[in-house]
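# Understanding the architecture of this molecule
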Amino acid sequence: MIWKLLKKDALLRVKNPTGFLILLLMPFLFALLIGLAFGPSGKGGRTYQIRLLVEDRDNSFASQMLKFAFGQGELARILLLQSVRGDTGRVLLEQGKASALLVIPAGFSDSLFHQKKSELVLVKNPSEAFGPKIAEETVRLFAEAGDRLVRIAAEPLRRISERVDANEDPPEAEIASISIQISRLVNRISTLLIPPRITLDVQTVSAKKRQNASSDLYTANVCRMLVMCLLFLIDALLRDIYEERENHTLMRLRAGSVGAGLFTFSKMVFAFLGGLVSIAAVWLGMAALFGVRMDAIQWLMLVPFLCVLTAAVVGIDMLIHAFSRSRSQAQALSPAVIIIFSMLGGCMVPVETLPPFMQKAALISPVYWGVNGLQRIALEHANPVQLLPHVLVLSTTACILLAFSFFMVRRKVAQ
Amino acid sequence: MLSIQNLTKSFGGLVAVDRVSFEIRRGEIFGFLGPNGAGKTTTINMICGLLKPDAGSIRLDGEDLLTAGPAVRKKLGVVPQEVALYEELNAVENLQFWGGLYGMAGSELKKRTQDLLEASGLSDRTREKVKNYSGGMKRRLNMAAGMIHRPKLLLLDEPTVGIDPQARRHMLDLVRAFSDQGTTILYTTHYLDEAELLCNRLAIIDHGRVLASGTQEEIKRIVGENRLLRVTGHFSRSSAERMTRKIRQLSIVSISENDALYSLPIHLGTGKFLEALVSGGFRIDNLGIKEPSLDSVFIKLTGRELRD
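Residues numbered from 1 in each chain as written. Chains lettered and ligands numbered in written order. Predicted model: local features only at pLDDT ≥ 70, side-chain atom pairs only at ≥ 80, totals over all residues. Heavy atoms only, no water.

### Observations concerning the overall build of chain B
Helices and strands together make up the secondary structure of chain B, namely 11 helices and 14 strands. Residue pairs in contact within chain B that sit at least 24 positions apart in sequence constitute 68% of those at least 6 positions apart. Surface exposure of chain B reaches about 13,300 Å², of which carbon and sulfur atoms provide 46%. (Helix = DSSP H or I, 4+ residues; strand = E, 2+ residues; numbered from the N terminus. Contact = heavy atoms within 4.5 Å. Areas by Shrake-Rupley, 256 points an atom, 1.4 Å probe, with all protein chains shown as cover.)

The structure is reproduced here in structure tokens:
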């Protein structure tokens, strides 16, 4: 009997597939949009840039050196320096056209080379979240590094500074000589003053690896969106319960030999199978598109994982319908609950970026375990032991939610 | 075939069905006649198991339907008042689904589907989605779906509500055709002409209670060889009552302010009655005369017309 009900439900979907197909494409669409908005582009990437305004009231060799340092190497790709004068910097900052304004005070050079205290001022743009922080850290780092350098080689630097400030080009021989002196000085005392505790291993990524990084970003986003879309998709499938009631087919089914329990069970099974087929199809699509590589054991692991994840999602959606008295109530309740679950579970933004209390709350959400599990399979090649907590949480949640909501929905169907 | 005894169902304080009893014999079309809200659909819902009665019994071929298993329930076919079909599927898919639920399969189901589609006059549009059908076509398919598993007893709950006269005639022909094939039918309606046209026996129900039951002749005998005369206008209750003293065989069916319903033997004619009205000082707005019919029976039993 149940197969006939499932076959009928499947036939109805096949006859009117538009809505279902749109829901299936949603994870890719969202992942693409997120990838385009925040991810690297196909050519290797547009980097997030911080516009730093510099008001140089000293206009000395030392201040020039500081500005010059900001424009070197990788930093030049991140920091976009713009020199300003007078109040222009503050005006631009108030207009939100820069992340921060660095004010180099008059007498900076003099204070620096005569061992006096000098103070740089950094004004941050409060409307930006990350840019001003990065600017602050960068300036702080350079201030400390500059301070160390001046303490080590104050005399040679002062000599060059004086020549430059007097508009005299220091002879190359002198620069070379001073450079050698600095180098010797640094070599002599560096082991005492700044012993190398941290070493930096600089590597250049290959084009292939850069492409993988891009694919990983898309894959992570698809995993997130996949769970959210699964919530919406199964919700849409479960709304057939209202459809059957409104079309009076529920009455005819029940007047025949289909009890309320069998009817409810068939809807749950159909939602589960529909969800499972959909999530599997999206996964395969994602694997093909973004080159997700998985071992045989991971493919084997994926099947039970997707099953428990889908069952948990059916449980959540069934619960919504257990508490909705009508289609209109369900239409209002479903998106709210799904979005809250999705947000808490890390579908919209990574859980790590949420406030600490929300991060703790995420742990009780099956959506979090679903997203995290999918990402671990796809990106970290997790083994079965690593996924065991996810499977346990999801299967326990599924059992509790499905059992509770089954009885609630069955009672509603019987009324 | 179907025996209903003292069936009772209440919803809160409202008694929807009050000790209803009637019997349906094999092969007949039994009419269940009553206005909207009389308790017809509630009775049908209890017969087909959608509602649990508070009291009473329902027996089909001697077996208690309230405790019977699916095998006994399969003897019932239900055609709900509303069209209960999957509109995205076509006629064949609908009939095959409903037939499949009753255990039918293969060539038997195919043959039965074809026969029913032909009988319903839908055989030329079998592959079209039901949502594109007209109201009448949907109704016919709705009835065919109730007949797909060859039920012994077909419950038809106001199958002609909301359709045009031509489609209605088609539906009544279909009911007769099913009856001719040997199906026993319980036909609920609030259309008197349908009941008169189709039903061998019937029960009249109002406010949850069966007021009369039997063959049409037996029921019409309730009003006897009398015609009903309804007078509305400006007159007092006492003057309306005085009329019965002027004409000895005149009886009052119901009386209220400015409205009186009398029963008068046909052989007396209406001349004497009209004279009495004039001499009684009645200011008449309307005078209605009803010859003996189911309608006059209903009026006699309830004091109002069926459509009220």
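### Let's talk about the interface of chain A and chain B
Across the boundary between the two partners, chain A contributes 20 residues, which contact 25 residues of chain B. For the chain A and chain B pair, buried surface summed over both sides reaches about 2,100 Å², with 65% attributable to carbon and sulfur atoms. The shortest N-O distance in the salt bridge between E93 of chain B and K15 of chain A comes to 2.9 Å. Of all the secondary structure elements, the ones that give two or more residues to the side of chain A that touches chain B are α1 (2-15) and α11 (249-255) of chain A. A breakdown of the residues in the side of chain A that touches chain B according to their chemical character gives eight nonpolar, six polar and six charged. (Buried area = accessible area lost by both parts, 1.4 Å probe. Salt bridge = Lys/Arg side-chain N within 4 Å of Asp/Glu carboxyl O. Nonpolar A, V, L, I, M, F, W, Y, C, P; charged D, E, K, R; others polar.)

### Digging into the packing of aromatic side chains
Following the criterion strictly, the structure yields 10 aromatic pairs over all chains and no others. Where F323 of chain A meets F404 of chain A, the ring centres are 6.2 Å apart and the plane angle is 35°; that geometry is what we call tilted. Of this pair, F323 of chain A sits in the loop between α13 (296-322) and α14 (327-345) while F404 of chain A sits in helix α17 (residues 384-414), and the two are 81 residues apart along the sequence. Taken together, a centroid distance of 5.8 Å and an interplanar angle of 15° make the contact between Y86 of chain B and W98 of chain B stacked. With Y86 of chain B in the loop between β6 (76-79) and α3 (91-101) and W98 of chain B in helix α3, this pair connects stretches of sequence that are 12 residues apart. Residue classification places Y86 of chain B among the buried positions, given a relative accessible area of 3%. The positively charged end of R252 of chain A is found above the aromatic ring belonging to W98 of chain B, 5.5 Å away from the centroid. (Phe/Tyr/Trp six-rings, centres within 6.5 Å; stacked < 30°, edge-to-face > 60°. Buried < 20%, exposed > 50% of the residue type's maximum accessible area, 1.4 Å probe, protein only. Lys NZ or Arg CZ within 6 Å of the ring centre and 35° of its normal.)

### Here's the deal with the sheet that holds strand β10 (residues 209-215) of chain B
All names here are of chain B. Within the open sheet, the six strands sit side by side as β6-β7-β8-β3-β9-β10. Their pairing is mixed. Sheet topology places β6 and β10 at the edges, where each strand pairs with a single neighbour. Mean inter-strand twist for the sheet, computed between neighbouring axes without regard to direction, equals 15°. Of the pairings in the sheet, the one linking strand β3 (residues 29-33) to strand β8 (residues 184-189) comprises five bridges and is parallel in character. Paired with I29 across the strands is I185, a residue of β8. Here helix α1 (residues 40-47) sits on the sheet in contact with β3, β6, β7 (153-157), β8 and β9 (201-206), set at roughly 150° to β8. Each of β6 and β7 is contacted by helix α5 (residues 135-147), which is oriented at about 165° to β6, the strand it contacts most. (Pairing = 2+ DSSP bridges. Axes fitted to C-alpha atoms, helices over the stretch in contact; angles between N-to-C directions.)

### Here we look at unusual backbone geometry
Excluding glycine, a negative phi dihedral is what most residues carry, and trans is how most peptide bonds are arranged. Backbone geometry places H248 of chain A, a non-glycine residue, at a positive phi of 65°. Summarising the element assignment, H248 of chain A is placed in the loop between α10 (240-246) and α11. Relative accessible area serves as the criterion here: at 26%, H248 of chain A is assigned to the partly exposed category. The phi dihedral of N6 of chain B falls on the positive side, at around 50°, and the residue is not glycine. Here N6 of chain B shows up in strand β1 (residues 2-11).

### Some words on α1 of chain A
Across its 14 residues, α1 of chain A extends 20 Å between first and last C-alpha, which sits within 8% of the 20 Å expected from 1.5 Å per residue. Buried within α1 of chain A we find I2, L5, L6, K8, D9 and L12 of chain A. In an axial view of α1 of chain A, the angular spread of the buried residues amounts to 160°, which keeps them on one side of the axis. Of the exposed residues in α1 of chain A, the ones pointing more than 90 degrees away from its buried face are W3, K7 and V14 of chain A. Considering only its buried residues, α1 of chain A is in contact with α10, α11 and α12 (260-290) of chain A together with α3 of chain B. (Expected span 1.5 Å × (residues − 1). Arc of directions from axis to C-beta.)

### Points about the pattern of salt bridges
All chains considered together, the criterion is met by 31 salt bridges over all chains. Put simply, E88 of chain B and K129 of chain B hold a salt bridge, and the shortest N to O gap is 3.0 Å. With a gap of 41 residues between them, E88 of chain B in the loop between β6 and α3 and K129 of chain B in the loop between α4 (106-119) and α5 connect regions that are remote in the sequence. Take E88 of chain B: its relative accessible area is 17%, and that puts it in the buried class. The exposure class assigned to K129 of chain B is partly exposed, which follows from its relative accessible area of 22%. Here the residues in one salt-bridge network are K8, D9, E244 and K267 of chain A, joined through shared partners.

### Quick notes on the layout of surface pockets
Empty pockets left among the atoms are what a rolling probe the size of a water molecule brings to light. Residues and elements named next belong to chain A. When its volume is computed, the largest pocket comes out at roughly 1,100 Å³. Around the largest pocket, the lining is made up of 35 residues, and of these F142, A143, A145, G146 and D147 lie nearest the centre. For the lining of the largest pocket, the secondary structure elements donating two or more residues are α3 (61-70), α6 (108-113), β4 (121-124) and α7 (131-165). Roughly 500 Å³ of internal volume is contained in the second largest pocket. (1 Å grid on protein atoms, 1.4 Å probe; cavity = no way out; pocket = protein on both sides within 12 Å on 5 of 7 lines; lining within 4 Å. Points joined across faces, edges and corners; volume = space filled by probe spheres on them.)

### Description of the confidence of the model for chain B
Residues and elements named next belong to chain B. Residues of chain B with pLDDT of at least 70 account for 98%, and the chain-wide mean is 86. Of all helices and strands in chain B, the one with the weakest mean pLDDT is helix α11 (residues 294-302) (77), whereas α3 scores best (93). This complex was scored by the predictor with a pTM of 0.68 and an ipTM of 0.77. (pLDDT = per-residue confidence, 0-100.)

### Some points on the confidence of the model for chain A
All names here are of chain A. Across chain A, the average pLDDT comes to 80, with 84% of residues at or above 70. Within chain A, α17 carries the highest mean pLDDT (91), whereas helix α8 (residues 172-193) carries the lowest (60). Counting interchain partners and residues more than four positions distant, the pLDDT-below-50 stretch residues 40-46 has six contacts. Confidence over residues 193-210 falls short of pLDDT 50; this stretch has seven contacts with residues more than four positions distant or in other chains.

### Brief notes about the packing of α3 of chain B against α4 of chain B
Axis angle and axis distance: for two packed helices, these are the angle between their axes and the distance between the axes, and together they describe the pair. All names here are of chain B. Contact geometry for α3 and α4: axes closest at 10 Å, N-to-C directions at 125°. Put simply, α3 runs oblique to α4. Of the two elements, α3 crosses α4, and the hand of that crossing is right-handed. Contact residues: α3 offers A91, V92, L95, Q96, G99 and G100, while α4 offers L109, K110, T113, L116 and L117. (Parallel < 35°, antiparallel > 145°, perpendicular 65-115°, else oblique. Left-handed = near helix turned anticlockwise from the far one by under 90°.)

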